[in-house]
Amino acid sequence: MAGITIPEPRVLVITPYDKTSLNDIEHAILASDLGLTPANDGNVIRLVIPQLTGERRQEIAKEVGKLAEEAKIAVRNVRQEAMKALKKQEKDGEITEDEERRLEKEVQKITDESTKKIDQMADNKRKEITQG
């Protein structure tokens, strides 16, 4: 749809392959709620990325926390589905009760490791964002 170049560290230049889509791209950027104001000169769109303020860094750090929580919920949902599948397999006689318990422990172990990894990644990213 467009080529994107970075002529300066905090400037993006979007050059659409089809000039008629310039206004559509501009409207999409405005509607994206990124906090960026596109500058349309009729040929390209320039986006100047503002310097992050302390307040904006805190907002982004909160968003990281929300995304991490969503990821942990997704992991727990997968765990719940796996547990249901194991119970069904045991009920249908595909696996023994001992195998079911062993596999449930393995699923729980993987869930705990994944949740811990998500927390570590989120903490690292929050530190990176707030320290800038």
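Residues numbered from 1 in each chain as written. Predicted model: local features only at pLDDT ≥ 70, side-chain atom pairs only at ≥ 80, totals over all residues. Heavy atoms only, no water.

(A) Quick peek at the overall build of the chain. Helix and strand counts for the chain come out as 3 helices and 4 strands. Written out in order from the N terminus, the α and β elements of the chain read β-β-α-β-β-α-α. In terms of overall dimensions, the chain is more spread out than a globule: its C-alpha atoms have a radius of gyration of 23 Å, far above the 14 Å expected for 132 residues. Its C-alpha atoms give the chain principal-axis dimensions of roughly 70 × 35 × 20 Å. (Helix = DSSP H or I, 4+ residues; strand = E, 2+ residues; numbered from the N terminus. Rg over C-alpha atoms; globule rule 2.2 N^0.38 Å.)

(B) Focus on helix 1 (residues 22–31). Within helix 1 the residues assigned to the buried category are Leu22, Ile25, Glu26 and Ile29. All buried residues of helix 1 lie within an arc of 100° about the axis, which places them on one face of the element. Turned more than 90 degrees from where helix 1 packs its buried face, Asp24, His27 and Ala31 sit exposed. On the buried face of helix 1, the contacting elements are strand 1 (2–8), strand 2 (11–16), strand 3 (38–40) and strand 4 (45–48). Looking one or two places after helix 1, you find Asp33, whose phi comes out positive at around 60°. (Buried < 20%, exposed > 50% of the residue type's maximum accessible area, 1.4 Å probe, protein only. Arc of directions from axis to C-beta. Contact = heavy atoms within 4.5 Å.)

(C) Highlighting helix 3 (residues 97–131). A rise of 1.5 Å per residue sets the reference length of helix 3, with its 35 residues, at 51 Å; its end C-alpha atoms lie 51 Å apart and thus fit the reference within 8%. All buried positions along helix 3 are accounted for by Glu100, Glu104, Val107, Thr111, Thr115, Ile118, Ala122 and Ile129. On its buried face, helix 3 is in contact with helix 2 (54–91). (Expected span 1.5 Å × (residues − 1).)

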